[in-house]
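For reference, the chains in residue letters:
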Amino acid sequence: MDKSKSSDSKAFSAALRLLTRRDRSETELRQKLKQFGFSLTAIDVAVEKCREYNYLDDHRYATERARSLMRTGRGVGRKISLDLHRRGIDETLVQHAITAAEEEFPPASLLQDQLQRRFPDFDYATADQRERRRVIGFFQRRGFNLGEIFDIIKNGGG
């Protein structure tokens, strides 16, 4: 019994160290603790304690991750969705996080700002096919939908 208490305590300490470095989803934390060789029971106890003390909150994590990706221009929409799913966030939280982030950072405004910053001299009317593909691909890889991209780049985006 004493040994399991010690293992639980060590798992919780390891969890705190991991969460001190950066916020994580519950799935990510469980995976890391498993990699460290802790038992499933010790991991469950550590995760539950972290949740209890509000050190671990998938809702908060998903919202902040979505906001960060949008604020830095690294992702919107489906790119955020894929990123959060890969981190073990369930669909309901993913959709809530994306909606909240899009209210703060409207995708059309982000696309417009990035177009002006990354491609200040781009003009759809005079650009050749290669340049158009390069610009459109850049935004598609970040999760913008094709309709939004064309709306912005054709109608005075640059």
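Residues numbered from 1 in each chain as written. Predicted model: local features only at pLDDT ≥ 70, side-chain atom pairs only at ≥ 80, totals over all residues. Heavy atoms only, no water.

Visitor: So what exactly am I meant to see when it comes to helix α8 (residues 129-141) here?
Guide: Because each turn of an α-helix spans 3.6 residues, side chains separated by three or four positions in sequence point in the same direction. For α8, built from 13 residues, the straight-helix expectation of 18 Å at 1.5 Å per residue is met to within 8% by its first-to-last C-alpha distance of 18 Å. Buried within α8 are the following residues: Arg132, Val135, Ile136, Gly137, Phe138 and Phe139. Buried residues along α8 sit in contact with α7 (107-118) and α9 (146-154). (Helix = DSSP H or I, 4+ residues; strand = E, 2+ residues; numbered from the N terminus. Expected span 1.5 Å × (residues − 1). Buried < 20%, exposed > 50% of the residue type's maximum accessible area, 1.4 Å probe, protein only. Contact = heavy atoms within 4.5 Å.)

Visitor: In this structure, what is going on with the packing of α7 against α9? I would like to understand it.
Guide: Working note: a packed helix pair is described by the angle between its axes plus the distance between those axes. Taken N-terminus to C-terminus, the directions of α7 and α9 make an angle of 50 degrees; their axes are 10 Å apart at the nearest point. Between α7 and α9, the crossing angle belongs to the class labelled oblique. Note that α7 runs across α9; the crossing there is right-handed. Residues Pro107, Ala108, Leu111, Gln112 and Leu115 of α7 form the contact with α9, whose participating residues are Glu148, Ile149, Ile152 and Ile153. By residue class, the composition of the contact of α7 with α9 is 7 nonpolar, 1 polar and 1 charged. (Axes fitted to C-alpha atoms, helices over the stretch in contact; angles between N-to-C directions. Parallel < 35°, antiparallel > 145°, perpendicular 65-115°, else oblique. Left-handed = near helix turned anticlockwise from the far one by under 90°. Nonpolar A, V, L, I, M, F, W, Y, C, P; charged D, E, K, R; others polar.)

Visitor: Please clarify how the nonpolar core should be interpreted in this entry.
Guide: Within soluble globular proteins, side chains that are nonpolar tend to cluster in buried spots. Leu115, Phe122, Phe139 and Ile153 are the most contacted members of the largest nonpolar core, which totals 30 residues. Those elements giving two or more residues to this core turn out to be α4 (58-71), α5 (77-86), α6 (91-104), α7, α8 and α9. Setting aside its immediate chain neighbours within four residues, Phe139 contacts Leu111, Gln114, Leu115, Phe119, Phe144 and Ile149. Residues Ala15, Ala42, Val47 and Leu56 belong to the second largest nonpolar core, which totals 15 residues. (Core = buried A, V, L, I, M, F, W, Y, C linked by side-chain atoms within 4.5 Å.)

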